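This is what each chain is made of:
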Amino acid sequence: MSTAGYEFTVFDRYAPYSTAGPYTAADYWRLPEGEPVELIQGRLVMSPAPISLHQFVVRQLSRWLESAEESAGGVVYISPIDVVLDDQNIVQPDLIYLAKDRLDQIGDRIEGAPSLVIEVLSPSTANRDRQQKLQLYARHSVPEYWMVDPDARTLEFLVNDEGRFVVATPTDGVYTSAVTPELVVDPAEFWAEADRRLPRGKA
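Values in this document were obtained by computation on a predicted structure and should not be read as measured data.

**Student:** So, the pattern of salt bridges: which residues are in play, and what are the values?
**Tutor:** Per the stated rule, a full pass over the model turns up nine salt bridges. Its salt-bridge partner being Lys133, residue Glu119 comes within 2.8 Å of it at the nearest N-O pair. With a gap of 14 residues between them, Glu119 in strand E9 (residues 116–120) and Lys133 in helix H4 (residues 132–139) connect regions that are remote in the sequence. An identical accessibility class is assigned to Glu119 and Lys133; each is buried. Arg128 is paired through a salt bridge with Asp129; the nearest N and O atoms lie 3.4 Å apart. The same class applies to Arg128 as to Asp129, namely buried. Three or more residues are tied together by salt bridges with common partners; here these are Glu38, Glu119, Arg128, Asp129 and Lys133.

As structure tokens, this is what we get:
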């Protein structure tokens, strides 16, 4: 269908919205399938295609999460897949993990908060991921949120504490989730492996 009557937002050094926009889930479902758009606080937000480094890191993370998927019966999804938080917020995180006790949320889309949401930062989305999405995930009781910065080679682990995220730190260099204990990652090993596998010229 045509989107001529819709107004889209593109993030570029933005500040979080202070008011809700006019759009709802009903408007979002009218968009053509596959559009790079999220519904955030009632606004249709369009993102440019990720750069190659971003996509490489997403794939690497998905490989690391596969061990949790296999050992504990959870499921990993890579964007694009819709995560419906409420009538004004439908997002497409880079990666999500649903533990075994949340598999009933899976249908044509994910209904409600996944066990883990991962956003890989890029120049066009970093402010959104660190501000608007962080607030959104905290408010909707996402238990755990990881922010990954490929340029800085960092993994930031955040755990929901009664509606706000607090930083969780690795022990002896290894992070084991207190919320979903099958999620284990060694950041130094992860980045070392990523650098070994990174295509030439993409560091």
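**Student:** Please set out the pairing of strand E11 (residues 154–160) residue by residue, giving values where relevant.
**Tutor:** Of all seven residues in E11, five are buried; the element is thus mostly enclosed. Examined bridge by bridge, strand E10 (residues 144–149) and E11 share six bridges and lie antiparallel to one another. When the sheet's bridge partners are listed, Glu144 is paired in E11 with Val159. Where E10 hands over to E11, the hairpin turn is made up of four residues, of which Arg153 adopts a positive phi near 55 degrees. The pairing of E11 with strand E12 (residues 165–168) spans four bridges and is antiparallel. Each residue of the ladder has a partner; that of Val159, found in E12, is Val166.

**Student:** Tell me what's going on with the side chain of Asp94, and back it up with residues and numbers.
**Tutor:** Within the secondary structure, Asp94 sits in the loop between strand E6 (89–91) and strand E7 (95–98). Buried charge without a salt bridge: Asp94, with Arg128 as the nearest opposite-charge side chain at an N-O distance of 6.1 Å. Of the polar contacts made by the side chain of Asp94, one reaches the backbone nitrogen of Val120; its length is 2.7 Å. Residues contacting Asp94, with those up to four places away along its chain left out, are His54, Val58, Tyr77, Ile78, Ser79, Ile118, Glu119 and Val120.

Cut-off values and rules
Residues numbered from 1 in each chain as written. Predicted model: local features only at pLDDT ≥ 70, side-chain atom pairs only at ≥ 80, totals over all residues. Heavy atoms only, no water. Salt bridge = Lys/Arg side-chain N within 4 Å of Asp/Glu carboxyl O. Helix = DSSP H or I, 4+ residues; strand = E, 2+ residues; numbered from the N terminus. Buried < 20%, exposed > 50% of the residue type's maximum accessible area, 1.4 Å probe, protein only. Pairing = 2+ DSSP bridges. Lys, Arg positive; Asp, Glu negative; His and termini not counted. Polar contact = N/O pair within 3.5 Å; in protein donor to acceptor, adjacent residues only side chain to side chain. Contact = heavy atoms within 4.5 Å.

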